[in-house]
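Spelled out, the chains give:
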Amino acid sequence: MPELDIHEEASPRPDLKPLHEELSYRLRQQRIAADFGYIALKTENLADLLQEAARLSASGLNASHAKYLRHLGDGAGFLVTAGVGWKPGVVGEAKVGDDLESPAGYAFHTEKAVISNHLANEERFRTPTLLVEHGIKRALNVIIRSESKRYGVLEVDSPGEGRFDEEDVAFMESFASILGVAMQREERDVKLREAVRHQEVLTQEASHRVKNSLSIVAGLLSLQARSADNEDVSRALRAAGHRVQTVAAVHDRLWRNNDVRSVDLGSFLSELCDQLGAAGTGAAIHCRGETVKINTDQAVTIGLLVNELVTNAIKYAFPDHAGEVNVQIASTKDGHLRLSVQDNGAGLPEMFDPNGKNGLGVKLIRSLSKQLGGEPAWERLDRGTRFALDFVPVQPQ
């Protein structure tokens, strides 16, 4: 049984209802308390939950007024944060004192339920002006708290005659207990969201710095390529620079994207193709891709693979004329993704063996394809070459 500060308030009631009415009254309170527990489990908005607590607690005590008083601290009193039955301008604006001479203040500081069944004749407390203005004759106050913190007071008020008793206090304290847990949960959720946001900022900042560092490396490789005396060395340095720049492009998207764990593959490949086309090779590079979110690590591998395929096509397919390279990403019937890169150039050499001894580019293409879990396939066309790779998309976690 909850502890009451005023023993006379717990004395037998002179206006006891008939037994069947009393039983019906208490059963109704139990149903309301159970309903509120269910609502608290599924409601994520604390403001809505507080408002519902005020409504249901008033209903359970057959009262017209109820409110949640949030403790402001530093002597600022309570703020009426939620409530029913009050005139406009009270909820969200009105304040009441939190000293020991007010019923709510006494309940808050002593952590004991307070019943005032005769506010007009009350000698223990002063009657708050807010209650006088609304003709309130009796009130019941219980504290809302968690294991380590006091949040405020839940109060039910009535302008009608009657008496609140210890069983009514028990009903109210069931609401207060649930609200205390909900408020503690809300505080933890806020801290967790702040921690997640902080981590995302740190990750984006790190990605931005990595992107800048990689761009510097790519620029140095490009500079070295232009100053190299040997053409083979120059081409190798330029190719390395393109590979580094591809990784930098992924980090650039991460820096500009709120979701650092995923990349829109279609958009990413389109930007990559635009970047490769702007390199001044003379080849027209087109990209068509579905909007599909994939894991960032997989996007890096796909970006490097497309970079190698397009670079090889430009290098070998058009020795004496400009041409076109088409990059496409599409879903297959079995839920895989198919990457295809097709050119209209000179075609594969007759002696080309994808599994034999080849240059670094082909070896890298095979290695990247295996990382994606697919088997690379080259196809000779009447005019040009088509590369295809089926792989399973990795969804972001």
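Analysis parameters
Residues numbered from 1 in each chain as written. Predicted model: local features only at pLDDT ≥ 70, side-chain atom pairs only at ≥ 80, totals over all residues. Heavy atoms only, no water. Helix = DSSP H or I, 4+ residues; strand = E, 2+ residues; numbered from the N terminus. Rg over C-alpha atoms; globule rule 2.2 N^0.38 Å. Buried < 20%, exposed > 50% of the residue type's maximum accessible area, 1.4 Å probe, protein only. Contact = heavy atoms within 4.5 Å. Lys, Arg positive; Asp, Glu negative; His and termini not counted. Charge placed at Lys NZ, Arg CZ, Asp CG, Glu CD. Axes fitted to C-alpha atoms, helices over the stretch in contact; angles between N-to-C directions. Parallel < 35°, antiparallel > 145°, perpendicular 65-115°, else oblique. Salt bridge = Lys/Arg side-chain N within 4 Å of Asp/Glu carboxyl O. Core = buried A, V, L, I, M, F, W, Y, C linked by side-chain atoms within 4.5 Å. Pairing = 2+ DSSP bridges. pLDDT = per-residue confidence, 0-100. Expected span 1.5 Å × (residues − 1). Polar contact = N/O pair within 3.5 Å; in protein donor to acceptor, adjacent residues only side chain to side chain.

## A word on the overall build of the protein
Then step 1. The secondary structure content of the protein amounts to 9 helices and 13 strands.
Then step 2. The globule rule puts the C-alpha radius of gyration for 397 residues at 21 Å, and the 36 Å found for the protein is more than 25% above it.
Then step 3. Its C-alpha atoms give the protein principal-axis dimensions of about 110 × 45 × 35 Å.
Then step 4. Counting only residues that meet the buried cut, the protein has 46% of its 397 residues in that class.
Then step 5. Residue pairs at least 24 apart in sequence account for 63% of intrachain contacts in the protein once pairs closer than 6 positions are excluded.
Then step 6. In the protein, the 46 positive side-chain charges and the 56 negative ones have mean positions that sit 5 Å from each other.

## Some points on the packing of helix H1 (residues 19-42) against helix H5 (residues 166-227)
Then step 1. Remark: H1 packs on H5, axes separated minimally by 10 Å, with the N-to-C direction vectors making an angle of 0°. On the basis of the axis angle, H1 is roughly parallel to H5. Residues Tyr-25, Arg-26, Gln-29, Ile-32, Ala-33, Phe-36, Gly-37 and Ala-40 of H1 pack against Glu-167, Asp-168, Phe-171, Ser-174, Phe-175, Ile-178, Leu-179 and Arg-185 of H5.

## Some words on the pattern of salt bridges
Then step 1. Under the counting rule described, the total for this entry stands at 18 salt bridges.
Then step 2. Among the salt bridges present, the one from Arg-126 reaches Glu-101, with a minimum N-O distance of 3.8 Å. Pair noted here: Arg-126 is in the loop between strand E4 (114-116) and helix H4 (129-133) and Glu-101 is in the loop between strand E3 (95-96) and helix H3 (103-110), with a separation of 25 residues, a long-range link.
Then step 3. With a shortest N-O distance of 2.6 Å, Glu-111 and Arg-145 are connected by a salt bridge.

## Some remarks on the nonpolar core
A general trend in soluble globular proteins is that nonpolar side chains are found buried together.
Then step 1. Leu-265, Val-310 and Leu-339 are the most contacted members of the largest nonpolar core, which has 36 residues in total.
Then step 2. For this core, the secondary structure elements donating two or more residues are helix H7 (265-277), helix H8 (296-316), strand E10 (324-331), strand E11 (337-343), helix H9 (360-371) and strand E13 (384-391).
Then step 3. Considering every element that reaches this core, the biggest residue donor is H8, with 10 residues.
Then step 4. In this structure Leu-339 touches Leu-305, Val-306, Leu-309, Val-327, Gln-328, Ile-329, Phe-387, Ala-388, Leu-389 and Phe-391, once residues within four positions along its chain are discounted.
Then step 5. Core analysis: the next-biggest nonpolar cluster, separate from the first, contains 35 residues, Tyr-25, Ile-32, Phe-175 and Ala-176 among them.

## Structural notes on the sheet that holds E3
Then step 1. Pairing in this open sheet of 6 strands is antiparallel, and the strands run E3-E2-E1-E6-E5-E4 from one edge to the other. Since the sheet does not close on itself, it has two edges, and those belong to E3 and E4, each with one partner.
Then step 2. Packing against the sheet, helix H2 (residues 46-60) makes contact with strand E1 (65-71), strand E2 (78-84) and strand E6 (150-158), and its axis sits at approximately 60° to E2.
Then step 3. Helix-sheet contacts for H3 involve E1, E2, E4, strand E5 (138-145) and E6, and the interaxial angle to E6 is about 140°.

## Describing the confidence of the model for the protein
Then step 1. Looking at the protein, pLDDT values average 86 and 92% of them are 70 or higher.
Then step 2. The secondary-structure element of the protein with the lowest mean pLDDT is helix H6 (residues 231-256), recorded at 78, while E1 shows the highest, at 97.
Then step 3. Contacts for the low-pLDDT stretch residues 6-14, under 50 throughout, to residues beyond four places or in other chains number 15 contacts.

## Observations regarding H5
Then step 1. Taking 1.5 Å per residue, 62 residues should reach 92 Å; H5 reaches 91 Å between its end C-alpha atoms and fits that length.
Then step 2. Its side-chain oxygen placed 3.2 Å from the backbone nitrogen of Glu-167, Asp-165 serves as the N-cap of H5.

## Some details on the sheet that holds E10
Then step 1. One open sheet holds the 5 strands; their spatial order is E8-E10-E11-E13-E12, and the pairing between them is mixed. With one partner strand each, in any of the chains shown, strand E8 (284-289) and strand E12 (377-381) form the two edges of the open sheet. Pairwise comparison of adjacent strand axes, ignoring direction, gives a mean angle of 15° for this sheet.
Then step 2. Here 7 bridges tie E11 to E13, and the two strands are oriented antiparallel to one another. Paired with Gln-342 across the two strands is Arg-386, which belongs to E13.
Then step 3. Helix-sheet contacts for H7 involve E8, E10 and E11, and the interaxial angle to E8 is about 180°.

## Some remarks on the side chain of Asn-312
Then step 1. Within the fold, Asn-312 resides in helix H8.
Then step 2. Looking at Asn-312, the relative accessible area reads 17%, which means it is buried.
Then step 3. Other than its neighbours up to four places away in sequence, Asn-312 contacts Ala-317, Gly-361, Val-362 and Ile-365.

## Section: the environment of His-118
Then step 1. Along the chain, His-118 turns up in the loop between E4 and H4.
Then step 2. Taking the C-alpha atoms as reference points, His-118 and Glu-155, separated by 37 residues in sequence, lie 15 Å from one another.
Then step 3. With residues up to four places along the chain from it excluded, the contact list for His-118 reads Lys-137 and Arg-163.

## With respect to H8
Then step 1. When the terminal C-alpha atoms of H8 are compared, their 30 Å separation across 21 residues agrees well with the 30 Å that a helix rising 1.5 Å per residue should span.
Then step 2. Buried residues dominate H8, accounting for 17 of its 21 residues.
Then step 3. You can read the cap of H8 off the contacts: a side-chain oxygen lies 2.8 Å from the backbone nitrogen of Asp-297, and it is on Asn-295.

## Thoughts on the pairing of E6
When a strand is regular, its side chains alternate between the sheet's two faces.
Then step 1. Where burial is concerned, most of E6 is hidden: 8 out of the 9 residues are buried.
Then step 2. Where E1 lies against E6, 6 bridges are found, and the strand directions are antiparallel. Counterpart to Leu-69 in the pairing with E6 is Val-153.
Then step 3. The sheet contact formed by E5 and E6 spans 8 bridges and is antiparallel. What sits directly across from Ile-143, in E6, is Val-153.
Then step 4. Connecting E5 to the antiparallel partner E6 that follows it, the hairpin turn spans 4 residues.

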